[in-house]
Amino acid sequence: LASMQTSGSKPCPCPSFKLREVVSMYFTMIAVFLVVLVVALQGTAPREDSFPYKVPLDPQGLLELSWNVSYSRQVVHFQILVKDPKFGLLFGMSDRGEFENADLAVLWSDGRNSYFGDAWSDEKGRLRMDSQQDYQLLGAQKAPEGLYLLFRRAFSTCDPKDYVIEDGTVHLIYGILEKPVHSLQAINTSAIPRGLQRVQLLKPNITVPELPSDVETMEITAPDVVIPSQETTYWCYMAELPESFPKHHIIMYEPVITAGNEALVHHMEVFQCAAEFDSFPHYNGPCDSKMKPERLNFCRHVLAAWAMGAQAFYYPEEAGLAFGGPGSSRYLRLEIHYHNPLVFEGRRDSSGIRLYYTATLRRYDAGIMELGLVYTPVMAIPPGEAEFLLTGYCTDKCTRLALPAAGIHIFASQLHTHLAGRKVVTVLARDGKERQVVNADGHYSPHFQEIRMLKEVVPVFPGDELITTCTYNTEDRSRATVGGFGIMEEMCVNYVHYYPQTQLELCKSAVDPGYLHRYFNLVNRFNDEEVCACPQVSVPQQFASVPWNTFNRDVLRSLYGFAPISMHCNKSSAVRFP
């Protein structure tokens, strides 16, 4: 095993090897190793505490991925439980979950021998053996529940064919080989059962705070819901706190998943309703149903958010999220996203989120602040764009007015866009210079949004700026995409969790509407097709009539980069700071 690993790993800088020699040597050793090892290592499963993170890869739960992260060695250790071993498995990573230009670990069998190797796929999805073997097999073990595969991979490998494992979302891909194959090249990736799973591989290495002795729990769970037999369902359920429930601090929360539904419950959120309404109607049904009461749209204050693969969420020892007491609504809305691509029928679910809370209030109330762009159509993305950037600012003037002299401390963040979002980053600037990345996701997906604890707490002081940039792709669209609340409109938001709570709840910007009006006038001057820039025509209508040639695209991009902005520096009451 030691010699096999040595032959399979190359230190940086990367030397050149003859592919045929490496593959021949590597697979002779692997084939012997796997055949002997799988027969020899019959027994119990590996210890679960060695792999703290776990997620089902496929909707049926036949492939279960567990992993751990070593920041000191810059390595991820993977363990895959294959519950129904057939003739092999593909597992790997790609930019957005495609099987083209992917970085893969492949286990396959010709019916007699088994082989394992590091491979990559070209732009047509054809597999090629990698001359640099960076997926290093550590073990294969049979147990009553299936076959365990253990292997490791460095974050970065010096191999241009390899995916660089970074902070943020990673699109994992998998494929199941149901028939024997005589070679790697014989595997047709488009003809096998396959899919993708999104996770945050590089979890922050945070010390878990000790819970106080008076901690209590409350489960906000769906009441035995029959999961609809369709691919995507958002289910809403209204719950309420007891009468005269006093102020408490939420200090931790974790998912409660009905056994057997681990692959169907994609993500969940608990929202608190607006305090200005005395009551909210009970509801238990699809969130997009016409029967859903309109008032439920006023339940938008996030108390907890979980996505598949996430662990329990802990607040720092000195802070907790307040709920209950005067000025706080008793009504909560649970929202569950069920992902059911195999259209299972009759599956019942009582999943939800368990809140841990205490009546012994901590030193600080935690707060949630919105950064990024205001929800307005003046910020738009032209159609057919591979990468179009929009930036929202929380300016030094706002933080100077709204933040305490000692500053605030950001400890968690939830990034948010709609369907065209591809990347999101928030940076902190001080004295005109970027100082620190608050949170970044270079492979962001709108289908995988969770509150993520930061690796280190970010202090923000009066006079600092927080700059949030979103990258969009509209190659599949024929009309401009404007900002707004609709799913086909766009957002660019970072909900940052911080302490101590201040009056500042929203710190966002948009381009000055007057300068956008000048843009439409400029388009009229340089184009044959006239864009009506009159007051009675809405901004979305004006964008819809713009002929999207190179000139109009470039000018809009420049306008967003250099035009003055309209700043929204808002208190929780929606009143702006002066």
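Residues numbered from 1 in each chain as written. Predicted model: local features only at pLDDT ≥ 70, side-chain atom pairs only at ≥ 80, totals over all residues. Heavy atoms only, no water.

Attention now goes to the overall build of the chain. Within the chain, the regular secondary structure consists of 6 helices and 36 strands. A buried classification covers 55% of the 578 residues belonging to the chain. In the chain, the proportion of contacts linking residues at least 24 apart, taken out of those at least 6 apart, comes to 77%. Total accessible area computed for the chain in this model is approximately 26100 Å², and 51% of it derives from carbon and sulfur atoms. (Helix = DSSP H or I, 4+ residues; strand = E, 2+ residues; numbered from the N terminus. Buried < 20%, exposed > 50% of the residue type's maximum accessible area, 1.4 Å probe, protein only. Contact = heavy atoms within 4.5 Å. Areas by Shrake-Rupley, 256 points an atom, 1.4 Å probe, with all protein chains shown as cover.)

Another point: the packing of aromatic side chains. What the rule picks out here adds up to 24 aromatic pairs. Measuring from centroid to centroid gives 5.6 Å for Y53 and W67, while their planes differ by 40°, and the two rings are tilted. Separated by 14 residues along the polypeptide, Y53 in strand β1 (residues 53-56) and W67 in strand β2 (residues 63-70) bring together distant segments of the chain. Residue classification places W67 among the buried residues on the basis of a relative accessible area of 0%. (Phe/Tyr/Trp six-rings, centres within 6.5 Å; stacked < 30°, edge-to-face > 60°.)

Helix length check: helix α6 (residues 550-562) (13 residues) gives 18 Å between terminal C-alpha atoms against 18 Å at 1.5 Å per residue, within 8%. Among all positions in α6, only N552, R553, L556, L559 and Y560 are buried. Along the axis of α6, the buried positions cluster into a sector of 125°, meaning they face one direction only. In α6, those exposed residues whose orientation departs by more than 90 degrees from the buried face are T550 and F562. (Expected span 1.5 Å × (residues − 1). Arc of directions from axis to C-beta.)

We now examine the state of the cysteines. A full pass over the atoms with the stated rule returns 5 disulfides. Disulfide pairing places C394 opposite C507 at an S-S distance of 2.0 Å. Its torsion about the S-S bond being 90°, the disulfide of C394 and C507 is classed as right-handed. With C394 in strand β27 (residues 388-394) and C507 in strand β35 (residues 504-511), this pair connects stretches of sequence that are 113 residues apart. Summarising the burial analysis for this pair, C394 and C507 share the class buried. (Disulfide = S-S within 2.5 Å.)

We now examine the sheet that holds strand β21 (residues 331-339). If you walk across this open sheet you meet the 5 strands as β17-β14-β21-β16-β18, and the pairing is antiparallel. Each edge of the open sheet is held by one strand with a lone partner, namely β17 (284-286) and β18 (299-307). The mean angle between the axes of side-by-side strands here comes to 20°, regardless of whether they run parallel or antiparallel. With 3 bridges connecting them, strand β14 (residues 232-240) and β17 associate as antiparallel partners. Looking at the pairing, W235 lines up with P286 of β17. (Pairing = 2+ DSSP bridges. Axes fitted to C-alpha atoms, helices over the stretch in contact; angles between N-to-C directions.)

Counting residues in each nonpolar core, the largest one holds 81 residues, and the members touching the most others are L65, W67, F151, L172, L201 and F323. Broken down by element, the residue count for this core peaks at 6 residues, all from β18. (Core = buried A, V, L, I, M, F, W, Y, C linked by side-chain atoms within 4.5 Å.)

What follows covers the sheet that holds strand β3 (residues 75-82). An order of β1-β2-β3-β9-β8 is seen for the 5 strands of this open sheet, with the pairing classed as antiparallel. Lying at the two open borders of the sheet, with one neighbouring strand each, are β1 and β8 (136-143). Across the sheet, the mean angle separating the axes of adjacent strands is 20° when strand polarity is ignored.

Moving on: the confidence of the model for the chain. Residues with a pLDDT of 70 or more make up 90% of the chain, whose mean pLDDT is 88. Throughout residues 1-26 the model reports pLDDT below 50, and contacts reaching past four residues in sequence, or to other chains, amount to 42 contacts. The model gives residues 31-46 a pLDDT under 50, and that stretch makes 39 contacts with residues more than four places away or in other chains. (pLDDT = per-residue confidence, 0-100.)

A few words now on the packing of helix α4 (residues 513-526) against α6. The N-to-C vectors of α4 and α6 enclose an angle of 160°; their axes lie 11 Å apart at closest approach. Put simply, α4 runs roughly antiparallel to α6. The crossing of α4 and α6 is right-handed. Note on element contacts: α6 touches α4 through F551, N552, V555, L556 and L559, opposite Y515, L516, Y519, L522, V523 and F526. A breakdown of the residues in the contact of α4 with α6 according to their chemical character gives 10 nonpolar, 1 polar and no charged. (Parallel < 35°, antiparallel > 145°, perpendicular 65-115°, else oblique. Left-handed = near helix turned anticlockwise from the far one by under 90°. Nonpolar A, V, L, I, M, F, W, Y, C, P; charged D, E, K, R; others polar.)

Between side chains of opposite charge, a pair can form when the charged atoms approach closely. One pass over the structure, following the stated rule, counts 23 salt bridges. Note that R153 is salt-bridged to D103, the shortest N-O span being 2.6 Å. Taken together, the residues span a long stretch of sequence, with R153 in strand β9 (residues 146-154) and D103 in strand β5 (residues 103-109) at a distance of 50 residues. R330 is the salt-bridge partner of E240, the closest N and O atoms lying 3.0 Å from each other. Pair noted here: E240 is in strand β14 and R330 is in the loop between β20 (319-323) and β21, with a separation of 90 residues, a long-range link. The class for E240 is partly exposed, based on a relative accessible area of 34%. Among the charged side chains, a salt-bridge network with shared partners connects E385, R553, D554 and R557. (Salt bridge = Lys/Arg side-chain N within 4 Å of Asp/Glu carboxyl O.)

This brings us to a nonpolar patch on the surface. Taken together, the side chains of L419, I487 and M488 make up a nonpolar region of the molecular surface, amounting to roughly 270 Å² of accessible area. Within the secondary structure, L419 is located in the loop between β28 (408-416) and β29 (421-430). (Patch = residues over 30% accessible without salt bridge, like charges linked within 9 Å, V, L, I, M, F, W, Y side chains within 5 Å.)

With that out of the way, let us pick up the environment of L147. Along the chain, L147 falls in strand β9. Residue class for L147 comes out buried when judged on its relative accessible area of 11%.

Two faces, one strand: in a regular strand the side chains alternate between the faces of the sheet. The pairing of β14 with β21 spans 9 bridges and is classified as antiparallel. Paired with T233 across the bridge in β21 is Y338.

Structurally, the position occupied by E335 is in strand β21. Taking relative accessible area as the criterion, E335 reaches 16% and is therefore assigned buried. In terms of polar contacts, E335 uses its side chain to reach the side chain of R333, at 2.6 Å. (Polar contact = N/O pair within 3.5 Å; in protein donor to acceptor, adjacent residues only side chain to side chain.)

A few words on the environment of R198. Within the secondary structure, R198 is located in strand β11 (residues 194-199). In sequence terms R198 and H171 are 27 residues apart; their C-alpha atoms lie 4.7 Å from each other. Every residue in contact with R198, bar those within four places of it in the chain, is listed here: T169, V170, H171, M308, S445, H447 and F448. Polar side-chain contacts of R198 include one of 3.3 Å to the side chain of H171. Within polar-contact distance, the side chain of R198 engages the side chain of S445 at 3.1 Å.

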